[in-house]
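Residues per chain, in single letters:
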Amino acid sequence: MSSSTDHTVVSVSPQHPSDEVTRAAAASPEQVRAAAETARAAQREWVDMPPVSRAGALHDAAGAVEGAAAELTALMVREAGKPIGESTGEVARSVAILRYYAQQVLDPDGETYPSAGGLLMARHRPRGVAGLITPWNFPAAIPLWKAAPALAYGNGVLLKPAPEATAMAQRLVELLGPALPDGLLSVLPGGAGTGEAVVEAVDAVSFTGSVAAGETVRVAAARRGVPAQCEMGGQNPSIVLPDADVRHAAATIASAAMGYAGQKCTATSRVVVVGDPAEFTAALVDAVEELKVDDPARAGVQVGPVITEAARATVLDAVARVRSDGGRVLTGGHALDREGFFVAPTLIDRVRPSHVAAQEEVFGPFCVVLPAGSVQEAVQLANGVRYGLAAAVFTADLGAALEVSGRLDAGLVKVNAPTSGVDFYAPFGGEKSSSYGPREQGKAARDFYTSVHTVTVMSA
Ligand code: NAD
């Protein structure tokens, strides 16, 4: 299985665990400090380049990723176990992210204010070197939705990928490198220790991963006085109102909960059904059982393995706990008898909303159905967790959609659409324990990767 020590990171294919994808030496704190110094020197060269040349460099980087799309897709399937359809989409999105931020280089970089005689302006300046600490589940899109704006707004970048996605990060940096000044962007393989060293060496930290690691990162950044942005876990509800289109809602929620084996921060993990839950629950069980579970390299597969043996054990432990506490397994609940870390998509009901299975992130193909007697109770249940990343409501009534979506404690609210899925040109981030610091993506990213200089110019 994938593993990481202080000295070495190893990533293996979750569908074929005997297939070692890569093994790399973990970057030491000295190596991290040296990479930060190199990036700092390269960053000065980068900001001195004409903006049109910087935009061109990022377009060249996008072209390099696009040219390697087939290879990157295959690597993503192999290393992360992501179904090939989703992997293809993620690589295409990565190219689009690079192109979008290439154009942002040429956007206005500040504004002017009324002034008594001279010029008063506020200008955005790069922070310096950004440290990016990323998870394994979107192994191309997340590193790039951080690196592209960091670079576009004039920063150097140190990327510390999750051990399980080391090969993808190394290949991406190899592809982007030739378009950029030497050392402006570098990848630092390693585990938590390398991540901690990155936080100590940079001018801003953007983290995505679990709540536990994110809390450590933001405290360490605060101690140094550098800005941090942390996007963390979710326990995302989908509320189904009595007037919802049952087939559409069931199919959408099944895919949002179980697609990519539920390993998206925005996956649906609780379904709150208003009124008698029997008809909807039966439709949801059917929709889950119709999902194609198999080797993620096969066309049409929606559910592959979970990332590691430990991740599979987490799902099976959650099932055992539900059973021993009187909950019901509606479908799934067991490992698949085949090579790789496969778990059958698992739906649960008859647990209390306060049960750990309905409160904490399992990060696998595991979802809980909760009944609610009223819309008000449904909103209370949806909001009754420490997380607040994504939420959805299914209804045919526009008024109800607007009313309910306005009351959900989530950074991302969908109506008649899956909780999963993000538009890279719109702000992205969560509420409560799911998120810390300014939003990512779209033009919102500029607020994090720049600081503002207010400049007054008077005639001599
Ligand atoms: P993780 O927290 O284990 O690791 C994330 C990254 O942090 C890795 O690179 C890891 O090596 C590093 N890290 C761990 N401890 C650290 C420390 N003390 N200091 C510095 N770096 C440290 O998460 P994961 O298993 O890679 O990813 C799954 C998690 O990510 C889930 O909780 C999921 O919800 C979350 N996630 C959130 C979003 C979002 O945008 N909100 C997106 C994808 C994944």
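Here's what I pulled together on the structure shown here. (Residues numbered from 1 in each chain as written. Predicted model: local features only at pLDDT ≥ 70, side-chain atom pairs only at ≥ 80, totals over all residues. Heavy atoms only, no water.)

### Observations concerning the overall build of the protein
1) Next: Looking only at helices and strands, the protein has 15 helices and 19 strands in total.
2) Next: For the protein, whose C-alpha radius of gyration is 23 Å, the value lies close to the compact-globule estimate of 23 Å for 460 residues.
3) Next: With respect to the principal axes defined by its C-alpha atoms, the protein has extents near 75 × 60 × 40 Å.
4) Next: Roughly 17,800 Å² of accessible area belongs to the protein as shown, and the carbon and sulfur atoms make up 53% of that amount. (Helix = DSSP H or I, 4+ residues; strand = E, 2+ residues; numbered from the N terminus. Rg over C-alpha atoms; globule rule 2.2 N^0.38 Å. Areas by Shrake-Rupley, 256 points an atom, 1.4 Å probe, with all protein chains shown as cover.)

### Things to note about the sheet that holds strand β19 (residues 450-457)
1) Next: The 3 strands lie next to each other as β4-β5-β19, forming an open sheet whose pairing is antiparallel. Each edge of the open sheet carries a strand with a single partner, namely β4 (110-113) and β19. Between one strand axis and the next, the sheet turns by 20 degrees as a mean value, whatever way the strands run. (Pairing = 2+ DSSP bridges. Axes fitted to C-alpha atoms, helices over the stretch in contact; angles between N-to-C directions.)

### Focus on the site of the ligand
1) Next: Close to the ligand lie 29 residues, the nearest being Thr134, Lys160, Ser210, Met232 and Glu361.
2) Next: Take Trp136: an N or O atom from its side chain is 3.1 Å from an oxygen atom of the ligand.
3) Next: Glu361 places a polar side-chain atom, nitrogen or oxygen, 2.6 Å from an oxygen atom of the ligand.
4) Next: About the coverage of the ligand: the protein hides 88% of its 850 Å² of free accessible area.
5) Next: Secondary structure elements with two or more residues in the shell around the ligand: α7 (192-201), β9 (204-208) and α8 (211-224).
6) Next: Classifying every residue of the shell around the ligand gives 16 nonpolar, 9 polar and 4 charged. (Near = heavy atom within 4 Å. Polar contact = N/O pair within 3.5 Å; in protein donor to acceptor, adjacent residues only side chain to side chain. Nonpolar A, V, L, I, M, F, W, Y, C, P; charged D, E, K, R; others polar.)

### As for α8
1) Next: For α8, with 14 residues, the first-to-last C-alpha span of 20 Å sits near the 20 Å given by 1.5 Å per residue.
2) Next: Buried within α8 are the following residues: Val211, Gly214, Val217, Ala220 and Ala221.
3) Next: Once α8 ends, the next one or two residues include Gly225, with phi positive near 80 degrees. (Expected span 1.5 Å × (residues − 1). Buried < 20%, exposed > 50% of the residue type's maximum accessible area, 1.4 Å probe, protein only.)

### A short note on unusual backbone geometry
Note on backbone geometry: most residues besides glycine have negative phi, and most peptide bonds are trans.
1) Next: The backbone phi angle of Ala261 is positive, close to 55 degrees, even though this residue is not glycine.
2) Next: Mapped onto the elements of the fold, Ala261 is located in the loop between α9 (246-258) and β12 (268-274).
3) Next: With a relative accessible area of 1%, Ala261 lands in the buried category.
4) Next: Located in the positive-phi region is Arg350, a residue other than glycine, with phi close to 60 degrees.
5) Next: Relative to the helices and strands, Arg350 resides in the loop between β14 (346-349) and α12 (356-359).

### A few points about the side chain of Ser186
1) Next: With respect to the secondary-structure elements, Ser186 resides in strand β8 (residues 185-187).
2) Next: With relative accessibility at 16%, the residue Ser186 sits in the buried group.
3) Next: The contact partners of Ser186, leaving out residues within four places of it in the chain, are Ala35, Val157, Leu158, Leu159 and Val173. (Contact = heavy atoms within 4.5 Å.)

### Describing the environment of Gly191
1) Next: Tracing the sequence through the fold places Gly191 in the loop between β8 and α7.
2) Next: Under the relative-accessibility criterion, Gly191 is labelled buried at 11%.
3) Next: When the C-alpha positions of Gly191 and Ala69 are compared, they lie 27 Å apart, and in sequence the two are 122 residues distant.

### Considering the sheet that holds β9
1) Next: In space, the 6 strands of this open sheet follow the order β8-β7-β6-β9-β10-β18, with mixed pairing throughout. The strands lining the two open edges of the sheet, one partner per strand, are β8 and β18 (435-436).
2) Next: Across 4 bridges, β9 lies against strand β10 (residues 228-231) in parallel orientation. Counterpart to Val205 in the pairing with β10 is Ala228.
3) Next: In the packing of helix α1 (residues 29-48) onto the sheet, contacts are made with β6 (129-133), β7 (156-160) and β8, and the angle to β7 comes to roughly 150 degrees.

### Looking at the packing of aromatic side chains
Two descriptors summarise a pair of aromatic rings, namely the distance from one centre to the other and the angle between the planes of the rings.
1) Next: Going through the model one piece at a time under the given rule, you end up with 9 aromatic pairs.
2) Next: Judged by centre distance (5.8 Å) and plane angle (75 degrees), the rings of Tyr100 and Phe424 are edge-to-face. Placement of the pair is Tyr100 in helix α4 (residues 84-104) and Phe424 in the loop between β17 (412-415) and β18, with a sequence separation of 324 residues. Taken individually, Tyr100 and Phe424 each receive the classification buried, so the pair is uniform in this respect.
3) Next: Here the aromatic cluster, defined as three or more aromatic residues joined through ring pairs, consists of Tyr100, Tyr101, Tyr153, Phe424 and Tyr425.
4) Next: The ring of Phe138 has Lys82 sitting right over it, with the charged end atom 3.7 Å from the ring centre. (Phe/Tyr/Trp six-rings, centres within 6.5 Å; stacked < 30°, edge-to-face > 60°. Lys NZ or Arg CZ within 6 Å of the ring centre and 35° of its normal.)

### A look at the packing of α1 against α7
1) Next: One way to put it is that α1 packs onto α7 with a least axis distance of 9 Å and a crossing angle of 40 degrees. When the axis of α1 is compared with that of α7, the two are oblique. The way α1 lies across α7 gives a crossing that is right-handed. Taken together, the residues of α7 that come into contact with α1 (itself represented by Pro29, Val32, Ala36 and Arg40) are Thr194, Ala197, Val198 and Ala201.
2) Next: Looking at the contact of α1 with α7 residue by residue, the class counts come to 6 nonpolar, 1 polar and 1 charged. (Parallel < 35°, antiparallel > 145°, perpendicular 65-115°, else oblique. Left-handed = near helix turned anticlockwise from the far one by under 90°.)

### Let's talk about the nonpolar core
1) Next: Grouped together as the largest cluster of nonpolar side chains are 61 residues, with contacts concentrated most on Ile239, Phe280, Leu284 and Phe366.
2) Next: In terms of nonpolar packing, the next biggest core, distinct from the first, is built from 59 residues, Val21, Ala147, Leu176 and Leu180 among them. (Core = buried A, V, L, I, M, F, W, Y, C linked by side-chain atoms within 4.5 Å.)

### Topic: the pairing of strand β16 (residues 390-394)
1) Next: Taking burial as the measure, the 5 residues of β16 include 5 buried ones, the bulk of the element.
2) Next: Neither face of β16 is left uncovered, since the one carrying Ala390, Ala392 and Phe394 and the one carrying Ala391 and Val393 both have all their residues buried.
3) Next: Relative to β16, strand β11 (residues 236-240) runs parallel, the two sharing 3 bridges. Within β16, the position partnered with Ser238 by the bridge is Ala392.
4) Next: Pairing between β16 and β17: 4 bridges, direction parallel. In the sheet register, Ala391 faces β17, and the bridge partner there is Val413.
5) Next: Running through helix α14 (residues 398-406), the crossover from β16 to the neighbouring parallel element β17 is right-handed. (Right-handed = clockwise from strand over helix to strand, strands pointing away.)

Interpretation in functional terms is not warranted from these geometric data alone.
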